[in-house]
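# Architecture at a glance
These are the residues of each chain, in order.
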Amino acid sequence: MSELVALFPLALRICGQDLQGRFAGSFLGSVWLFIWPLVQMFIYIVIFGKMMGARMPEAGQSYGLYVASGLLAWSCFAQTLQRTARAFVDRRNIIGKVEVDLRVFPLAICLGELLPFLAGLVLLILVGLCMGWQPSSLLFWMLFIVYCQQLLAMGLGLLLACCAAFARDVVEVVGIGLQMAFWFTPVVYVPSILPDWVRWAVQVNPMTHVTAVFQQCFVFAGNVSLVGIGYIAIVAHLAVFAGLYVLQKLHKDIRDVL
């Protein structure tokens, strides 16, 4: 992990270059980071929340916030994982010409995806305040869970990126897998409506415990599950150590293949 910290300056530089390239030629530039989350907030809080709130008594009038908070966490995770899975394939021209530590690319993606996440979080807080939401100490737990969430995405993404270097089909499979995993994560529904056997499978999903912290913070204002937080923390660190270990073993082969 200390070696990852040493890569932060280079990762931030790559992150800045990606951001400039992303908005090159755009009149609004980085303002687009706020536009898309704002549109999502409008859809899920104003439209979706009003239509579905009565059907979700646990969330009640805050169903829009329930969906928006869960979706904010899920979107950041999914984007980080999907981009990390194709990190080596997308950077194959650089990897083939420059002797650079391969770990810096997933790290740059992990940091870069925090920018739209933070933009969405600011908007969610502002909307929540307008709806009567009151900040609590749960925000500190949420910051820790974001750290775990990004570690998990980077770890899984590293494993998939190593596979994708040898079989490009992995990149496409990741998109399908994320679509399936989304419906095993309580974002648009509450777990209590599920049959017992399905609810057990959902609880095994680490992202269930991530979205739960967000939803507790913005909707239920209850206590977070320390067991759930411990579970996601352990899984996230195991995932990133596994990803780094596999990369260490295969990095020469990956360079040759790319």
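Below is a summary of the structure that appears in this document. (Residues numbered from 1 in each chain as written. Predicted model: local features only at pLDDT ≥ 70, side-chain atom pairs only at ≥ 80, totals over all residues. Heavy atoms only, no water.)

This part takes up the overall build of the protein chain. Within the protein chain, the secondary structure is distributed over 13 helices and zero strands. Counting from the amino terminus, the protein chain carries its helices and strands in the arrangement α-α-α-α-α-α-α-α-α-α-α-α-α. Across the protein chain, the fraction of contacts at a sequence separation of at least 24, relative to all contacts at a separation of at least 6, is 80%. Summed over all atoms, the accessible surface of the protein chain reaches about 13,300 Å², with 67% contributed by carbon and sulfur. (Helix = DSSP H or I, 4+ residues; strand = E, 2+ residues; numbered from the N terminus. Contact = heavy atoms within 4.5 Å. Areas by Shrake-Rupley, 256 points an atom, 1.4 Å probe, with all protein chains shown as cover.)

We now examine helix H7 (residues 104–112). Within H7, nine of the nine residues are buried, which leaves it mostly tucked inside the rest of the structure. When H7 is considered as a whole, its buried residues turn out to be Val104, Phe105, Pro106, Leu107, Ala108, Ile109, Cys110, Leu111 and Gly112. (Buried < 20%, exposed > 50% of the residue type's maximum accessible area, 1.4 Å probe, protein only.)

One pass over the full model with this rule turns up five aromatic pairs. Aromatic pair Trp74 and Phe77: ring centres 5.6 Å apart, planes at 50°, arrangement tilted. Residue Trp74 and its partner Phe77 are both found in helix H4 (residues 63–85); the two are separated by three residues, about one turn of the helix. One exposure class covers both Trp74 and Phe77, and it is buried. Ring centres of Phe182 and Trp183 lie 5.0 Å apart, and the angle between their planes is 85°; on these two criteria the pair is classed as edge-to-face. A residue is classified by how much of its surface remains accessible, and Phe182, at 14% relative accessible area, is buried. Joined through ring pairs, the aromatic side chains of Trp74, Phe77, Phe182 and Trp183 make up one cluster. (Phe/Tyr/Trp six-rings, centres within 6.5 Å; stacked < 30°, edge-to-face > 60°.)

Before going further, it helps to examine the packing of helix H9 (residues 138–166) against helix H13 (residues 226–257). Relative orientation of the contacting elements H9 and H13 amounts to 30°, with a least axis distance of 7 Å. As far as their axial angle goes, H13 and H9 are roughly parallel. Crossing hand, H9 versus H13: left-handed. Here the residues of the contact of H9 with H13 are counted per class, giving 29 nonpolar, three polar and one charged. (Axes fitted to C-alpha atoms, helices over the stretch in contact; angles between N-to-C directions. Parallel < 35°, antiparallel > 145°, perpendicular 65-115°, else oblique. Left-handed = near helix turned anticlockwise from the far one by under 90°. Nonpolar A, V, L, I, M, F, W, Y, C, P; charged D, E, K, R; others polar.)

The subject of this paragraph is the pattern of salt bridges. Summed over the entire model, instances satisfying the criterion amount to four salt bridges. The closest approach of N and O atoms between Arg83 and Glu113, which form a salt bridge, is 2.8 Å. Remark: Glu113 occurs in the loop between H7 and helix H8 (114–130) and Arg83 occurs in helix H4; sequence separation between them is 30 residues. Across the pair Asp196 and Arg199 runs a salt bridge, and its minimum N-O distance is 3.7 Å. One end of the pair, Asp196, and the other, Arg199, are both in helix H11 (residues 196–204), three residues apart, so they sit about a helical turn from each other. The exposure class of Arg199 is partly exposed, given its relative accessible area of 30%. (Salt bridge = Lys/Arg side-chain N within 4 Å of Asp/Glu carboxyl O.)

Its place among the elements puts Asp90 in helix H5 (residues 87–90). Distance from Asp90 to Ala165, taken between C-alpha atoms, is 9.9 Å for residues 75 residues apart in sequence.

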